[in-house]
Each structure stands twice: as C-alpha cells, then as structure tokens.
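Residue-level listing of the chains:
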Amino acid sequence: MSETKFVHNTNPDVSFNGTLAQFQQLSPSAMIFLGPPGAGKGTQALRVANEYLLPHISTGEVFRAQIAERTLFGMQAAETMRRGMLVADDAVCGMLAEHIHGLDHPGCLVLDGFPRSLNQAKWLDQFLRMRAGQNHEFYTAPLAVQINVTRDQLFRRLSGRRCCPNCGQMYNLHFHPPVNSGICDNDGAALITRPDDREEVVLERLRVHDQNTLPVTEYYRRKGLLQEIDGDGTVDMVHAAIARLTRTLTF
Ligand code: AMP
C-alpha cells in the first residue's frame, strides 16, 4: 500500500494527514441511512450532514423539487409517488448521478432514501468506485446505518403527519399537534396531509419497503457494512446513538 500522505479536508475543522491506508479505514465514501418510511432517516441524515458539512441527498426531496418545478421527469414521477410506489431504478439512478456531479463535492455523501432496491445498491457500489479516482485508488466502502422502529410507532408517525402548505412547518397529530386543530401555528393556514401520507398510501409504502428495501439492509449486512440503531426514542436519543458511531470516523 502506498505511503503517500493524503490530506482530506472536506471538513475544515478536521483535516486528516495520514496514509491512504489509514484514510480508507476512517472515511466512508457514503453514509447510507436505511429504515422504513417514518423511521426518521431524513431528520438524522440532515443532522449528520450539517455537523460534518457533508452534502445531504434525499432522493424524495429531489423528486419533490422536480415536481414543484413541473419538469417532465417530475411529472412522470408524481403519479408513482402519489401511489406510494418506487420510481423506476434507471430514472432514480440517472437523476442521482446528475445531482451528485452537480454538487462537485469529492467527499462522503449522506444518502437518505437511496438505495431502496438491490439494483440501486449494486449501481451505487459501481458509482462510488468510479467517483474514487481513475483507478478507484481513493475508494472506501460506504457505511449503512439502519434505523429500526416498531410498526405501530411508524404508522402513528406517518398517518398523523400534517404540514403547512405556506411555510412548510410539519406537525404530528399524536406527538406535536398545532395549538388550534388543523391550523398552522405560524401563519394560520389550513394544514394538509402530504398525498403519500394518506393512510392507505402509508400501508403501501411500508409494504413496498419490506419487499424492496429489506433486501438492501441484508445486502449491506452480508458485506459487514451495516450498523443498526434503535429509532424508537426521541430525535436527540437517536442522534446520540448515531454520534457514537460517527465520532469514530473522520470525514
Ligand atoms: P421519501 O421522501 O424518501 O419517502 O420518498 C418519497 C417517494 O419518492 C417514495 O415513496 C418514492 O415514490 C420516491 N422515491 C424516493 N427515493 C426513491 C428511490 N431511491 N427509489 C425509488 N423511488 C424513490
């Protein structure tokens, strides 16, 4: 293994000045947040990304932005999303590659909601290798973090979710209701249910997760790249468990 000094300075507070071999043990090429819809992947992924100044990439968010911009791709994905089904692998992977190239960020990616199928996981393996230099010399394995939450809890979190169409503030009828029922605390707008948070769609999203995404968890487990976190606690408790993990890494 080369003894070339390798300086990784994605995060200005932490610069690693060691050998490539040491670097590879410390810095994953991606942190992949896995777990059923409603497990809190988005919240936790965003916190890690903000803490370490890493790009947070949520494929669901990228799709919603495309829908808001009324792009052709967004219009095509909208119906699939409304029904709680998965957008075709080719379309998701193509869009994600374009998005990551646009970021122009060489370091660890924080992925939220991707990969959601075995095909996407295999595609990601190749993609991360290709990103890591011409001969993949800077390749490091990704780290998958699975957030586990009981089914009852998930259903209450998802079906109770409401949001303000004006300011985007999120509420939950069970855990964080607005002061006046159905009305946004910030601007008084009538709260709405996101189309894919309707009860029948929530059930479909959980079914789709079990069928398509549980095999992804197994895929990373078999490779020894999976860490599991109990996601039933508060946001801060779950974050603390993830922080114990990230503290051992250098980004
Ligand atoms: P999310 O916000 O992550 O729950 O994603 C919302 C919806 O976007 C999902 O229910 C899917 O329809 C679609 N979607 C997001 N990410 C993916 C993905 N990796 N593969 C396929 N469809 C996706």
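Residues numbered from 1 in each chain as written. Predicted model: local features only at pLDDT ≥ 70, side-chain atom pairs only at ≥ 80, totals over all residues. Heavy atoms only, no water.

*Asks:* Let's hear about helix α4 (residues 72-82): which residues, and what values?
*Replies:* For α4, the set of buried residues is Gly74, Ala77, Thr80 and Met81. Along α4, the residues classed as buried sweep out an arc of 125° about the axis, all on the same side. Turned more than 90 degrees away from the buried face of α4, the exposed residues are Leu72 and Gln76. Where α4 is buried, its residues contact α3 (59-68). Positive backbone phi, at 80°, marks Gly84, one or two positions downstream of α4. (Buried < 20%, exposed > 50% of the residue type's maximum accessible area, 1.4 Å probe, protein only. Helix = DSSP H or I, 4+ residues; strand = E, 2+ residues; numbered from the N terminus. Arc of directions from axis to C-beta. Contact = heavy atoms within 4.5 Å.)

*Asks:* Account for the site of the ligand, with residues named and values stated.
*Replies:* As a structural note, the neighbourhood of the ligand is formed by 16 residues, with Thr59, Arg64, Met85, Gly113 and Gln120 the closest of them. At 2.8 Å from a nitrogen atom of the ligand is found a side-chain nitrogen or oxygen belonging to Thr59. One of the side-chain N or O atoms of Arg116 is found 3.1 Å from a nitrogen atom in the ligand. The element contributing the most residues to the shell around the ligand is α3, with 4 residues. Class assignment for the residues of the shell around the ligand results in 7 nonpolar, 4 polar and 5 charged. (Near = heavy atom within 4 Å. Polar contact = N/O pair within 3.5 Å; in protein donor to acceptor, adjacent residues only side chain to side chain. Nonpolar A, V, L, I, M, F, W, Y, C, P; charged D, E, K, R; others polar.)

*Asks:* I'd like to hear about the nonpolar core, residue by residue, with values.
*Replies:* Grouped together as the largest cluster of nonpolar side chains are 30 residues, with contacts concentrated most on Ile32, Leu111, Leu124 and Tyr220. Counting 25 residues, the second-largest nonpolar core is a separate cluster that includes Phe33, Leu54, Val149 and Val202. (Core = buried A, V, L, I, M, F, W, Y, C linked by side-chain atoms within 4.5 Å.)

*Asks:* I'd like a description of the sheet that holds strand β6 (residues 143-148), backed by residues and values.
*Replies:* With respect to topology, 5 strands assemble into an open sheet ordered β4-β5-β3-β6-β9, the strand pairing being parallel. Edge strands, defined here as strands with exactly one partner in the open sheet, are β4 (56-58) and β9 (226-230). The sheet shows a mean angle of 20° between the axes of neighbouring strands, taken without regard to direction. Direction of pairing for strand β3 (residues 30-34) relative to strand β5 (residues 109-112): parallel, over a ladder of 4 bridges. Each bridged residue has a counterpart across the sheet, and for Met31 the counterpart in β5 is Val110. (Pairing = 2+ DSSP bridges. Axes fitted to C-alpha atoms, helices over the stretch in contact; angles between N-to-C directions.)

Take it as geometry only, folks, not as evidence of what the structure does.
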